[in-house]
Amino acid sequence: MSKPGRFVVAGAGISGVRASLDLAETGHEVVLLDTAPVSGGILLALDRQFPNDHCGMCRMLPMLDRDQSKYFCMRLGMFHKNVTFMPNTEIKEIGGGPGDLKVLLQSWSAKVDPDLCNGCGDCLEVCPVSLPDDLADSLSLRKAIFKPGPNTSPSTLAIDPDSCILCGKCKEVCQTGAITLGPDYEQTLEEKVTAVIMATGVEYFDPGDASMYGYGKYADVITSLAFERMLSSSGPTQGRILRPSDGAPAENIAWIQCVGSRNLRLGADHCSGACCMFALKQAGLSMEKGSRPTIFYMDMRTFGRDWQKYLDRASSSGLRLVRCRPHSLEARNGGGLMLSYSPVPGELIDEHFDLVVLSVGRAPGWKGPDFSDQDGVLVTGGSKRLLDISRSLVSASSVSFRAAMISGSPVQAEQGDSITSQRVKVKSKVLVVGGGPAGLSASLALAGQGISVVIVEKNDFLGGNVSQISDAEARERIRELVRDAEKNQDIEILLKSRPMEFSGTTGNFQTHVLDQQNKGPIIEHGAVILASGGSQSTLPASLVHPKVMTVFDLHRRLDDPEIKEKDLNCLVFIQCFETRTKEKNYCSRLCCPTALRSVEKIRSTHPESRIIFFYRDIMTPGDLEHLYTRARELGAIFIPYQTDIPPKLILEKEQVVVEGFDPYLGEEVKFKADLVGLGSGLGPGSGHELAELFGIRVDREGFLIEADPKWRPVDSGREGIFICGLARNPVSLDEAVDEGRAAAQRAMRLVYNPQARMSVSTARIRPALCSMCGLCWTVCPYFARYPGSKGAMEVDPLACQGCGACVAICPNHASVLEVQGD
Amino acid sequence: MEQTTQQTDLVKTEQTDFDKEFHPNIVALVCNWCTYTAADLAGVTRLKYPAEIRMIRLMCTGMIDPRFIVESFLRGADGVFIGGCHPGDCHYINGNLKARLRIGGLKALLQGMGIEPQRLALHWIGASEGTEFQKQVKDFVEGIRELGPSGFGVYDSI
Amino acid sequence: MDKSFAFLKTNNQPNRILSRALGKLLDKGLVSAVMAPGITNGSDLPMPVLFTRDEAMESCIPLAPAAGVSAAVQAARIGRKVKDKRVAVVLKPCEVRGVIELAKLNQTSLESLAIISMECPGRMENDAYLAKLSASPDLPDLYLNDSSLQDQASSTCLSCDAFEPQGADITIHLFGLPVMEHIGISGMTAIGNELIEAMDLEKPGAAYDQREAMARLREKRGRAKEELFQKTGEILKNPDQYLEVLGNCLGCFNCRTACPLCYCRECVCARESFDRDLDDVSNRAKKTGQARMPAGLSMFHMTRMVHMSHACVGCGQCSSYCPSKIPVADLFRTMGQQVQNTLDYSPGRDPEEPIPYLRFKTEAGS
Ligand code: SF4
Ligand code: SF4
Ligand code: SF4
Ligand code: FES
């Protein structure tokens, strides 16, 4: 075990905060910086986030050893003993190599002394400079001295050095003398660190640059970021939805998707990956406030596990969806806008809207943050492309683990603790269920930090579905993971085995692992990572036909010499085949990219064949969009269909016919197919069994459910049990690897210190008073209580979060929240 | 901000006609996460709210023992205001839903003891809803002012 | 599940005959014990008695119109301890409700209990029963057939319209039947039917229509209940009346000892709220010149209401136990009804129905 590492994390949005907390919680020191005066990033502007329309950001705060951080709403800021936050700071230079970087930081003064400013706001009234407010994406104005976030605490104001004209008016009115003006005050500082994590986020597209849809010209055309502030009680309209032009309530609202994304003319051959959900959320919230929303879209990219259900809910509560990209927009007399669009060829509709919201995403040409290429500099996924919250956090944790691997794991110093808290012994061993990519990545990460790992795998080989994987490069990557795991001394591999009995408390679990002869060891471990994977769905017997197969099988078959030489006049892909509906109401992520990749392969051998796609929404988020563009360039034909009238497959002895309806032609179409690929999706494996064994939640479809869909993506509801990969949701290989590492990071917090520190405010039992009624057991949201052997409840001290639900329900005060110190 | 920020920081005084009116005794129980943040926001944005409230910060509305509320009334409170996170936002997952059930039962009980239901209020107030916090507290205090003293303290004479 | 119905000839001795029928369950080994009201050496007051041999059943009074204590607690003790054996327990409907509530609170298990209950004509207060019994030794049988005797039941019972058992395996039918000739017995569950089979009963010739008798009683008691709740509701709401009624409380905790639902090992009121700090009392005294000691009795009763009013099964034992004759049960039942209505909860209705405060699990947003 080595000394604590020291890291610079640039960007204090949620990715930066996640990465910092990960490192801080595993005993490292972090300098977290941001060019803004406050932490929080874009989330400061977003009160409620998809896919549940709630907040819950605070749930990313440390849950173990909670006393190291301050415990309040993260909109007020984030404080951890091991994290130094430097506002108004940026990186100037990075020198040296990994493990030994020299980082030159430059800070500038906000000119307002946080200890003196009481947030009274007198200065705001006198400052003569007004400029568009970044936070509200120019929806409202702010002064050169301003409140940097709606909630930030201390309630200090800040001066924006770029717009301040040094007139001194604010200084005159300030009663506490908090303001120091004068020439810009800058300071440079050198930090010697192990690694740097860039978490600065992406740049958003500015529709004004391309003067799209009259943005900048018409006040009632705003960006989705500005609309977010309109929804907020702390925003410029106090949560009312109004037309900026005249302040009249906005009833009819249009969202236009893919503004600045999926637009080759702008050089944007990417999907921003989150705007569809963002718009769905905004539209949903606007309905709560009485507006009538319409979303104009090309594909509804609801590719996350619960996103399709989210879309279904929104549509069933009255959201209107129109598939087309509106072509123009004009101001209308008497306020509002006239939007022209053409949903089917030849039909042009003009419709009035009070407000038009442009769904903007990643700016075209975004190359990632500065210093990205330097050795020892790691970049979070959320800084390369726009990601939803859970993906951002998974990537941040994965990156923070890679950073920590450079320095090795420290054990927290025993001495120098300000609080003499009680300790709980934990086992420095992690059980990993499943030897697919997610499980292997988790195992290798932990073993790399000196934690011993036991992999339990049901097959007699590692690598999961590697043989099913259609992409050769991906197959090779998985094989490499297998090789690495097999030669790692710290990884014990139990093949043809399964976990059978599970007991114990956080940090001290026992799992009985059985092999096929029903024999096997009882493993004592501190944490468990469930990475049991899944597989492609098998086609029903009624579809067994030599010419019909899943898109995955088809992709592999295209390499067969036999197929290469065959005449292929027509290939038909049916995407979302019995998925994203009914029993399998989720997107499997991989069918679209796989099928689109097949197009290139087909073209290389069969330049003339017809390639037809029946699809509902092509799901190529992020840079996968390129595959879609390429497939169209290569002449693939895309025919959309509705769930209620799917294309029909007619199987005959020698041939297969696909019948459907082409809305663009307005007529029935029929194809005699030489090969049919069905995008029939993936499914989780043993979710229900594992959920039962480990006492965690599972959804109807068999995916393990995380503690929080946004803020705790790889935690199960029980501390010490983590979930990742296809067992949790459909993922790509990269994502599975990231999730594995993120799960490892979460496990690491628990097992890196064999003497885990208890938080001061934890529930205790007074055993003589407990009647074992079990009320507390039912109400505890963290599974922290269990019937003890001595006729009273007991508390799992590392799982308890001190919520007090047990105290409130225990009629007898047998359960008490003991707060030591403080 | 220190975690121990005193409740008194948050209490802003409404000076008008202060002494002529009935000054109800009001306990406000707010959760540490959302509602406290909203109260703090109301405070820093200088949204004034009545001075009568005594704000007590709890980690979560789910930790409120209804006995505590009964006791407050017995000891002379004229109203008890509870503020927590919106359903789904509770830091502790569903403490607020537990609170809602128990406060529902308690309200029936207090009503049976002659306490007007308006004297016990439960509101969901999100972190950014400073204005909402101010409005709810103001309305609540106004309502209690109209109702007059609860007189429930008499019950405590045995 | 088919209900089976049969007659038991009573020969003017319904209690004795029913005891013998229950004895057959022991004799045939269908149950390992029977817990039923009975008398043991030293007292004529019916108390729960555990019978393990059928000849001892002679001292059993299964339909006794008195109950020294709530048998729910004793039945719960059996249910909690006994595994892999069956014990028949004879309980009044309110006691059945009590056992079901205790099962929800993990204080017992219903697994090994065969619950036998009856259409309940009510119980007399202990002193009234004993006084009457000395003049009329056949009181337990006569009571069943004499509505003027039944009118001497406790005030709780006279205002109880939940006199039909719910959740029992076997129901004894009394209302509208010529009880001195025969009573009716139905099996309500598979276990109930199995046990009845062993009692060697007569299949009914003509069916008795109990509906009218039941409706009459329900109407009468229902009206009494409404009146009582009305009156008690006023007491609770009105500090003067409240203090007049509860002012006599001695703080003896008998009501909580009596209550079958107060399951805590040690009442929180005995430790924390009750008997306030002396400083507190003297502060109060400063205001008016006087303060009663012990203080905190309102807090005690209200705490019990907070904890138990959703679950009050209306057995009336708290009133019976009260040395100051405070109608505690009236207060609890009145409050109980209000709280239960609000929470849409009916204690003892169904062992599967979760305690209302645990329903957050099924709510949206969790
Ligand atoms: S609620 Fe209280 S009495 Fe019941 S099991 Fe929990 S600690 Fe024990
Ligand atoms: S219910 Fe009790 S044991 Fe469970 S987390 Fe809350 S305080 Fe801890
Ligand atoms: S409160 Fe009284 S009437 Fe209600 S169950 Fe308890 S003892 Fe019986
Ligand atoms: S944390 Fe706010 S109500 Fe639970």
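Here the structure is a predicted model, which means the values were calculated and not measured.

Visitor: It is not clear to me how the overall build of chain B should be interpreted in this structure. Could you clarify?
Guide: For chain B, the count of helices and strands is 4 helices and 4 strands. Listed by position from the N terminus, the elements making up chain B come as β-α-β-α-β-α-β-α. Across the 158 residues of chain B, 62% fall into the buried class. Contacts spanning at least 24 positions in sequence make up 83% of the contacts within chain B whose residues lie at least 6 apart. Counting every atom, chain B has about 5500 Å² of accessible surface; 51% of that belongs to carbon and sulfur.

Visitor: Got a minute to help me understand the overall build of chain A in this structure?
Guide: Secondary structure assignment for chain A yields 17 helices and 44 strands. Computed over the C-alpha atoms, the radius of gyration of chain A is 28 Å, within 12% of the 28 Å expected from 2.2 N^0.38 for a compact globule of 822 residues. Overall size of chain A, expressed as C-alpha extent along the three principal axes, is 80 × 80 × 60 Å. Residue burial in chain A is summarised as follows: out of 822 residues, 62% are buried. In chain A, the proportion of contacts linking residues at least 24 apart, taken out of those at least 6 apart, comes to 70%. Summed over its atoms, the accessible surface of chain A is roughly 31500 Å², and 50% of this surface lies on carbon and sulfur atoms. In chain A, 88 positive and 99 negative side-chain charges are present, and the distance between their average locations comes to 3 Å.

Visitor: Would you mind going over the site of ligand 3 with me for this structure?
Guide: Looking at ligand 3, the residues that line it are Cys259, Pro260, Leu261, Arg304, Cys312, Val313, Gly314, Cys315, Gly316, Cys318, Ala329 and Phe332 of chain C. Residue composition of the shell around ligand 3, grouped by class: 9 nonpolar, 2 polar and 1 charged.

Visitor: Got a minute to help me understand the interface of chain B and chain C in this structure?
Guide: How big an interface is tends to be reported as the loss of accessible area on association of its parts. Counting from both sides, the interface comprises 28 residues of chain B and, opposite them, 39 residues of chain C. Taking both partners together, chain B and chain C bury about 2900 Å²; carbon and sulfur atoms supply 67% of that area. For the pair chain B and chain C, the interface holds 3 salt bridges. A salt bridge links arginine 284 of chain C to aspartate 156 of chain B; its shortest N-O distance comes to 3.0 Å. In this structure, the connection of chain B to chain C is made through 7 residue pairs in polar contact (both at pLDDT 80 or more). Elements that contribute at least two residues to the side of chain B that touches chain C include exactly helix H2 (66-74) and helix H3 (95-112) of chain B. For the side of chain B that touches chain C, the leading source of residues is H3 of chain B, giving 12 residues. Looking at side-chain class alone, the side of chain B that touches chain C contains 13 nonpolar, 8 polar and 7 charged residues.

Visitor: Is there a simple way to explain empty space enclosed by the protein in this structure?
Guide: Any space left empty among the atoms is revealed by the rolling of a water-sized probe across them. Approximately 280 Å³ is the volume found for the largest cavity. Those elements giving two or more residues to the lining of the largest cavity turn out to be helix H17 (805-809) of chain A, H3 of chain B together with helix H14 (297-308) of chain C. In terms of residue class, the lining of the largest cavity is made up of 17 nonpolar, 4 polar and 3 charged.

Visitor: Explain the confidence of the model for chain B here, please?
Guide: Regions with low pLDDT should not have their predicted coordinates read in detail. Residues and elements named next belong to chain B. Looking at chain B, pLDDT values average 87 and 87% of them are 70 or higher. Looking at the elements of chain B, mean pLDDT is at its lowest for helix H1 (residues 34-44), recorded as 90, and at its highest for strand E3 (residues 79-84), recorded as 98. Here residues 1-16 is modelled with pLDDT under 50, and outside its nearest four sequence neighbours on either side it reaches 37 contacts, counting other chains as well. Two summary scores accompany this predicted model of the complex, namely pTM at 0.93 and ipTM at 0.93.

Visitor: Help me understand the interface of chain A and chain C in this model?
Guide: Contact residues are listed per partner, giving 16 residues for chain A and 18 residues for chain C. Of the roughly 1400 Å² buried between chain A and chain C on both sides combined, carbon and sulfur atoms contribute 53%. Applying the counting criterion to the chain A and chain C interface returns 0 salt bridges. In this structure, the connection of chain A to chain C is made through 9 residue pairs in polar contact (both at pLDDT 80 or more). Element by element, the count of residues in the side of chain A that touches chain C is highest for helix H16 (residues 775-779) of chain A, at 3 residues. Looking at the side of chain A that touches chain C, its residues break down into 10 nonpolar, 5 polar and 1 charged.

Visitor: Mind showing me how you'd approach the site of ligand 2 here?
Guide: Neighbouring residues of ligand 2: 13 residues in total, closest Cys780, Cys800, Cys803, Gly804 and Cys806 of chain A. When grouped by side-chain class, the residues that make up the shell around ligand 2 number 9 nonpolar, 3 polar and 1 charged.

Visitor: Just checking my understanding: could you explain unusual backbone geometry for this structure?
Guide: What is expected of a backbone is that most residues other than glycine have negative phi and most peptide bonds are trans. Here the amide bond leading from phenylalanine 50 of chain A into proline 51 of chain A is cis, since omega sits at 5°, within 30 degrees of zero. With respect to the secondary-structure elements, proline 51 of chain A resides in the loop between strand E2 (29-33) and strand E3 (83-86). The residue after methionine 293 of chain C, namely proline 294 of chain C, is reached through a cis peptide bond having omega -10°. With respect to the secondary-structure elements, proline 294 of chain C resides in the loop between helix H13 (278-288) and H14.

Visitor: Sorry, what's going on with the domain arrangement of chain A here?
Guide: Its domain assignment divides chain A into domain 1 (6-108 + 186-201 + 366-406), domain 2 (110-184), domain 3 (204-363), domain 4 (423-535 + 683-756), domain 5 (538-680) and domain 6 (758-819). On a C-alpha basis, the centres of domain 5 of chain A and domain 6 of chain A stand 56 Å from each other.

Visitor: What's the story with the sheet that holds strand E30 (residues 548-550) of chain A in this structure? I'm lost.
Guide: Across a sheet, strands are paired by hydrogen bonds formed along the backbone, either parallel or antiparallel in direction. Residue and element names in this part refer to chain A. Strand order across the open sheet formed by 5 strands is E30-E37-E31-E32-E33, with parallel pairing between neighbours. The two strands at the open ends of the sheet, each matched to only one other strand, are E30 and strand E33 (637-640). Taking each pair of neighbouring strands and ignoring which way they run, the sheet shows an average axis angle of 20°. The strands touched by helix H12 (residues 591-605) within the sheet are strand E31 (570-574), strand E32 (610-615) and E33, with E32 carrying the most contacts at an inclination of about 175°.

Visitor: Would you mind showing me how to read the packing of helix H5 (residues 275-288) of chain A against helix H6 (residues 307-316) of chain A here?
Guide: Relative orientation and spacing of two packed helices are given, respectively, by the angle between their axes and the distance between those axes. All names here are of chain A. One can describe the packing of H5 onto H6 by two numbers: an axis separation of 10 Å at closest approach and a directional angle of 30°. The orientation of H5 relative to H6 falls into the category roughly parallel. Crossing angle aside, the handedness with which H5 passes H6 is left-handed. Note on element contacts: H6 touches H5 through Trp307, Tyr310, Leu311 and Ala314, opposite Met277, Leu280, Lys281 and Met287.

Reading the values: the criteria
- Residues numbered from 1 in each chain as written.
- Chains lettered and ligands numbered in written order.
- Predicted model: local features only at pLDDT ≥ 70, side-chain atom pairs only at ≥ 80, totals over all residues.
- Heavy atoms only, no water.
- Helix = DSSP H or I, 4+ residues; strand = E, 2+ residues; numbered from the N terminus.
- Buried < 20%, exposed > 50% of the residue type's maximum accessible area, 1.4 Å probe, protein only.
- Contact = heavy atoms within 4.5 Å.
- Areas by Shrake-Rupley, 256 points an atom, 1.4 Å probe, with all protein chains shown as cover.
- Rg over C-alpha atoms; globule rule 2.2 N^0.38 Å.
- Lys, Arg positive; Asp, Glu negative; His and termini not counted.
- Charge placed at Lys NZ, Arg CZ, Asp CG, Glu CD.
- Near = heavy atom within 4 Å.
- Nonpolar A, V, L, I, M, F, W, Y, C, P; charged D, E, K, R; others polar.
- Buried area = accessible area lost by both parts, 1.4 Å probe.
- Salt bridge = Lys/Arg side-chain N within 4 Å of Asp/Glu carboxyl O.
- Polar contact = N/O pair within 3.5 Å; in protein donor to acceptor, adjacent residues only side chain to side chain.
- 1 Å grid on protein atoms, 1.4 Å probe; cavity = no way out; pocket = protein on both sides within 12 Å on 5 of 7 lines; lining within 4 Å.
- Points joined across faces, edges and corners; volume = space filled by probe spheres on them.
- pLDDT = per-residue confidence, 0-100.
- Domains from an automatic or database assignment.
- Pairing = 2+ DSSP bridges.
- Axes fitted to C-alpha atoms, helices over the stretch in contact; angles between N-to-C directions.
- Parallel < 35°, antiparallel > 145°, perpendicular 65-115°, else oblique.
- Left-handed = near helix turned anticlockwise from the far one by under 90°.

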